[in-house]
Amino acid sequence: MRLIRKSIERDMSGSVTLYPEEPEDMWHAFNLIRPSDTVRAPAIRRVTTESRTGSTNSQRVHTTLTISVRKIDFDAQGGQLHINGQVTEENKIVSVGMFHTLDLELHRNFTLIKSEWDSVTLGVVKEACNPGDRAEIGAVVLQEGFANICFITEYMTILRQRIEVPVPRKRVGSTTSYEKGLQKFYDVVYQSIIRHFDFSALKVILLASPGFTAEGLKDYLLLTALQTDYKPILHSKKKFVTVHCSTGHIHSLNEVLKSPEVAATLADTKFAKETKAMENFFEMMEKDEFRAWYGPKEVERAVDKGAVGTLLVSNSLFRSNNVAERRKYVRMVEEVKKGGGTSLVLSSIHESGIRLDGLGGIAAILTFPLHDLDESDVEEG
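Residues numbered from 1 in each chain as written. Predicted model: local features only at pLDDT ≥ 70, side-chain atom pairs only at ≥ 80, totals over all residues. Heavy atoms only, no water.

Asks: Before we go on, may I ask you to explain the packing of aromatic side chains in this structure?
Replies: Any aromatic ring pair is given by two values, namely how distant the centres are and how the planes are angled relative to each other. For the structure on display, the rule yields eleven aromatic pairs. Where Y190 meets Y220, the ring centres are 6.4 Å apart and the plane angle is 80°; that geometry is what we call edge-to-face. Of this pair, Y190 sits in helix α3 (residues 176-196) while Y220 sits in helix α4 (residues 213-228), and the two are 30 residues apart along the sequence. Of the residues examined, Y190 reaches a relative accessible area of 4% and is grouped as buried. Both rings, one in F197 and one in F199, keep their centres 6.4 Å apart while their planes meet at 80°; by these two values the pair is edge-to-face. The same class applies to F197 and to F199, which are both buried. The rings of F185, Y186, Y190 and Y220 are connected pair by pair, giving a single aromatic cluster. (Phe/Tyr/Trp six-rings, centres within 6.5 Å; stacked < 30°, edge-to-face > 60°. Helix = DSSP H or I, 4+ residues; strand = E, 2+ residues; numbered from the N terminus. Buried < 20%, exposed > 50% of the residue type's maximum accessible area, 1.4 Å probe, protein only.)

Asks: What am I meant to see in the pattern of salt bridges here?
Replies: Close approach of charged atoms lets side chains of opposite charge pair. Within this structure, the stated rule accounts for eleven salt bridges. A salt bridge links E279 to R355; the nearest nitrogen and oxygen atoms lie 2.8 Å apart. Of the two residues, E279 is situated in helix α8 (residues 270-287) and R355 in helix α11 (residues 351-357); the sequence distance between them amounts to 76 residues. R331 is the salt-bridge partner of D304, the closest N and O atoms lying 3.3 Å from each other. Separated by 27 residues along the polypeptide, D304 in helix α9 (residues 296-304) and R331 in helix α10 (residues 323-338) bring together distant segments of the chain. (Salt bridge = Lys/Arg side-chain N within 4 Å of Asp/Glu carboxyl O.)

Below you can see the structure in the form of structure tokens.
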């Protein structure tokens, strides 16, 4: 994402103009745009004209529309963002009050206007426009006959393809049909990998499975690439890392990302830090349950008592349509930072963020134990 223009007033109202350059930038836009915001962007509108003789002609016309946002829809797989709302500025094609759905596009500016830019939304803009290296990882989580081809960035875990190929069981005295089935499975995975992965852009390619399936896949990939002289794989030999996990399902990425061999390689990436923070939280729950709290009310009380050392918040909470709710979580993030603590906003489409959403979207590791944070307000009074 590129920042084209930024104009924020003293009362924190204002606008930013952004230029999305890759599909992940649509995820950032999704986390920035809220109902009641105003968005100005290029649009295509079908216009019907009538001639003097009564015949009609319909054509698609390119224009720029400004709408007051009502609904936002993000397609993670396609990297597409659709914004529905009412037109607020009239032009030759549309009148004020008409409804339109804007499809934000790559390589086209859009302007976002807010009545209040808080520290979290400004932080999203800053992160999105950070020109530093992006950690991009290819991952294949598999077991015999079943594989998930995934793509992991700093902010997203995207399932590119799910593969199922029947592999016959081993039979006593003959393994021919089993070996043929396994080779066919490996070949389907190979074809999917070369179709979906840009090997030059990937820092690491993770192959994870129970048993030795991942090792078998790696051998097959390298041998096939050698036989066909497929240089992208041959030049990326050192990027392949095989890891053990309990199943071939996508949720096993949790295990994969926290395994020592992977954690060491990805130590400086945002999602590795998020994964580690979640692990620290669960470890604290086992070690000292009164220093690990989750849930909006419980964590808010801990923040108000100045007890939070690490605050974990899912960015799904900042997408709430309730302005008061969003302000509450912004205040908590700011309070913890002000007190010298760490506030991490986790991506809700990374495995760590999905786990956090299962805890109500917010959790905290305390600097000292607190009891009874989960008592009701009636009991408190």
